[in-house]
Amino acid sequence: LEDAKVGLEDIPSKIKTNLEESQNSLRSELEAMHKQHRASMQRDLSEADSEALRAGLGEMSERLATKLALQAQESQLAMATAMREVSRAEQQQSAEQQQQQQQQPQQP
């Protein structure tokens, strides 16, 4: 009877020990799952950030290419305008020289 009584007294401590072990095991599993989830989220965020950066760089590159193309067209137009102005000035100078030559009396 004494042994049975001691055995019954051990039951609450065994239950408590088993419960603590289960809690510790579950806590460890939960922490491991949390770490795994955090790592997965960080990877996903990193991939999303990289993709957003790539997309942003792609858009920026397209905008820059468009801007450079427009600047090149503007430069070509400015160069053509400048060339016309130079040609016009040369023609005017040539015409003035011819006029001066015609106005000078020719010496025998």
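This text follows the structure it describes.
Residues numbered from 1 in each chain as written. Predicted model: local features only at pLDDT ≥ 70, side-chain atom pairs only at ≥ 80, totals over all residues. Heavy atoms only, no water.

> I'm lost on the overall build of the protein in this one. Help?
In terms of helices and strands, the protein carries 1 helix and 0 strands. For the protein, the residues scored as buried account for 0% of the 108 residues in total. Summed over all atoms, the accessible surface of the protein reaches about 10,400 Å², with 55% contributed by carbon and sulfur. (Helix = DSSP H or I, 4+ residues; strand = E, 2+ residues; numbered from the N terminus. Buried < 20%, exposed > 50% of the residue type's maximum accessible area, 1.4 Å probe, protein only. Areas by Shrake-Rupley, 256 points an atom, 1.4 Å probe, with all protein chains shown as cover.)

> Please explain a nonpolar patch on the surface as it appears in this structure.
A surface patch of nonpolar side chains, about 310 Å² in accessible area, is lined by Leu53, Leu57 and Met60. With relative accessibility at 53%, the residue Leu53 sits in the exposed group. (Patch = residues over 30% accessible without salt bridge, like charges linked within 9 Å, V, L, I, M, F, W, Y side chains within 5 Å. Salt bridge = Lys/Arg side-chain N within 4 Å of Asp/Glu carboxyl O.)

> Before we go on, may I ask you to explain the pattern of salt bridges in this structure?
A side chain with one charge can pair with a side chain of the opposite charge if their charged atoms come near. Enumeration according to the criterion identifies 2 salt bridges in this entry. Ionic pairing is found between Glu51 and Arg54, a salt bridge with its closest N-O pair at 2.6 Å. Linking Glu51 with Arg54, this pair stays in helix H1 (residues 2-103), spanning 3 residues, or about one helical turn. By relative accessible area, which is 45% here, Glu51 ends up partly exposed. Two residues, Arg88 and Glu85, come together in a salt bridge whose shortest N-O distance is 2.6 Å. With Arg88 and Glu85 both in helix H1 and 3 residues apart, the pair spans about one turn of that helix. Residue class for Arg88 comes out partly exposed when judged on its relative accessible area of 47%. Residue Glu85 is classed as partly exposed on the basis of its relative accessible area, which comes to 42%.

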